[in-house]
Every structure is written in structure tokens, then in C-alpha cells.
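If you want the building blocks of each chain, they are given just below.
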Amino acid sequence: MAEQTHVLFVEDDDVIREATQLALERDGFVVTAMPDGLSGLEAFRGNQPDIALLDVMVPGLDGVSLCRRIRDESTVPVIMLSARADSIDVVLGLEAGADDYVTKPFDGAVLVARIRAVLRRFGHAGGPGATQAAADDGRQAATDSVLNFGSLEIDTEGMEVRRDGAPVALTPTEMRLLLEFSHAPGTVLSRDKLLERVWDYGWGGDTRVVDVHVQRLRTKIGQDRIETVRGFGYKLRG
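Residues numbered from 1 in each chain as written. Predicted model: local features only at pLDDT ≥ 70, side-chain atom pairs only at ≥ 80, totals over all residues. Heavy atoms only, no water.

(A) Representation of the sheet that holds strand S9 (residues 166-168) in the model. Strand order in the open sheet formed by four strands is S6-S7-S8-S9, and the pairing between neighbours is antiparallel. In this open sheet, the two edge strands, each paired with only one partner strand, are strand S6 (146-149) and S9. Here the strands of the sheet are splayed against their neighbours by 25 degrees on average, with no regard to which way each runs. Sheet topology places S6 next to strand S7 (residues 152-155); four bridges connect them, and they run antiparallel. Bridge pairing in S7 places Leu147 opposite Ile154. Each of S6, S7 and strand S8 (160-163) is contacted by helix H6 (residues 172-183), which is oriented at about 105 degrees to S7, the strand it contacts most. (Pairing = 2+ DSSP bridges. Helix = DSSP H or I, 4+ residues; strand = E, 2+ residues; numbered from the N terminus. Axes fitted to C-alpha atoms, helices over the stretch in contact; angles between N-to-C directions. Contact = heavy atoms within 4.5 Å.)

Structure (C-alpha cells):
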């Protein structure tokens, strides 16, 4: 990476925190490591990291609550870390606005790969133009940059969405997901295909990530705009 990426890492286990920080630093990341949620929130506000890694079970302010606080203030990518693969942990983290999750114990190389995959699709830092990368994958929907689906309007160049004329605030991951649907309205996209295209998974992933993000997207653009095709996946109504 030409520019060093700043990672906020919130983990209460001293051994895991120190070992993971060293591993990430060896791979060229700058790491701010905090032992609890409140200090993590303070570090987030003071350091403006490029990505946040949050353990679910940290004292003071748990990882899910911390994720919500971060998401209220920023679209910076968030990866949740959980010692369990229980559905409740996964779903709560994703519903709070996390973009992905990794189950502990994790391999350092896998964690780094997931971080880099998130950063690639966020345009490194998840700033105002971060989602532009989603429009550069060779699957442009149309020459007209503004797409209309009923009351839904998508500006694929300005990366803006309006519903009934009112702006809709989407996270970069939600925007990428919506762009994938808008590239082929009426076409069923499988969960595996969405994992590959939106989450950059070159391997099998947990499809709950897709399901929760589709649910979040529906609450913002309209529950009936994205249709579930049972046994196959999802499609955008034209």
C-alpha cells in the first residue's frame, strides 16, 4: 500500500490485542489498539482511522454499541470480531452497521485478507467518493448515470440515492449492494454472487452477511423494492 492504513483495534484480551497489533504492523498497517469500548470511541473520534476492528465482548461499551456509535458519525468500514459464530452475535453486529465479521480464533493472514478486501471496495478510506470503485467493475448499468426504479432514483456517478425526492443515506457497502442490483434489474442475484461482487470474497462466506444487508437496504429504499426469490436469491424490481 502506497499510503499506510490506520486501523483502530478494540479488544480486551491483552494477549490477543498485542499479538494482533504486532501482526498487523508487520503487514504495514498503523494500529491504535484499545482495551475497551469507551476508549475505543475516544480513539476513533481523535484519530479518524481508515477501518475499525471491534471485538463484540469488550467492557464499558460493548462492540455492537460501539459500532452503532461509529455508524452514527461515519461510514468508515467496520469488521466485528467474535469468539463465537452464534447467529445472535453475527446478526447484531451486522444490524448495527458492521460491514463484515471474523470469528475468533482467526488466522492472521485471513484477517489481513479480509481487511484488505474491505478497504479495496471502500476505496481505501470510505470517504465521500469511496463507493466509486463499485461503478468501475465493468458492469455499467446504462449510459445515463441516473437510474429510476419507481420512486427510487440512483445517481451512479454522484453516488447519491433519493426516494420520493428525499435523499437516502447509505453506507458504502449498502451502496455497492444497490449498484449490483441496479446493474441488472429483474435479474436474480444469488447470495454467493453478491458475496463475490460486493464483499470481494474469493472463497465461501457466510450468506447471513448478505441477508442482513439486504434487510437494512430495504428499510431505506422500500421493503418491496428488493424481492426475495426463495431458493435462489434476490432481485431489484424494475
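(B) Representation of the environment of Met57 within the structure. Inspection of the secondary structure assignment puts Met57 in the loop between strand S3 (51-55) and helix H3 (63-73). Once the C-alpha coordinates of Met57 and Asp13 are considered, the two residues, 44 residues apart in sequence, prove to be 9.9 Å apart.

(C) Here's a closer look at empty space enclosed by the protein. Under the counting rule described, the total for this entry stands at one cavity of 30 Å³ or more. Within this model, the largest cavity holds a volume of roughly 50 Å³. If you trace the largest cavity, you find it lined by Val56, Met80, Ser82, Asp89, Val90, Gly93, Leu94, Ala98, Asp100 and Tyr101. Of all the elements in the fold, those that place two or more residues in the lining of the largest cavity are strand S4 (78-82), helix H4 (87-95) and strand S5 (100-103). In terms of residue class, the lining of the largest cavity is made up of six nonpolar, two polar and two charged. (1 Å grid on protein atoms, 1.4 Å probe; cavity = no way out; pocket = protein on both sides within 12 Å on 5 of 7 lines; lining within 4 Å. Points joined across faces, edges and corners; volume = space filled by probe spheres on them. Nonpolar A, V, L, I, M, F, W, Y, C, P; charged D, E, K, R; others polar.)

(D) Examining the packing of H6 against helix H8 (residues 208-221) more closely. At their nearest, the axes of H6 and H8 sit 10 Å apart, and the two run at 85 degrees to each other. The angle between H6 and H8 falls in the class roughly perpendicular. Contact residues: H6 offers Thr173, Glu174, Leu177, Leu178 and Phe181, while H8 offers His213, Val214, Arg216, Leu217, Lys220 and Ile221. Taken together, the residues that form the contact of H6 with H8 break down as six nonpolar, two polar and three charged. (Parallel < 35°, antiparallel > 145°, perpendicular 65-115°, else oblique.)

(E) View of the nonpolar core. Grouped together as the largest cluster of nonpolar side chains are 50 residues, with contacts concentrated most on Leu54, Met80, Ile154 and Phe181. At six residues, the largest contribution of residues to this core is made by H8. Apart from residues lying up to four places away in sequence, Phe181 is in contact with Leu189, Leu194, Val214, Ile226, Tyr234, Lys235 and Leu236. Core analysis: the second largest hydrophobic core is formed by 17 residues, Phe9, Val31, Val102 and Val112 among them. (Core = buried A, V, L, I, M, F, W, Y, C linked by side-chain atoms within 4.5 Å. Buried < 20%, exposed > 50% of the residue type's maximum accessible area, 1.4 Å probe, protein only.)

Keep in mind these numbers describe shape, not what the thing actually does.
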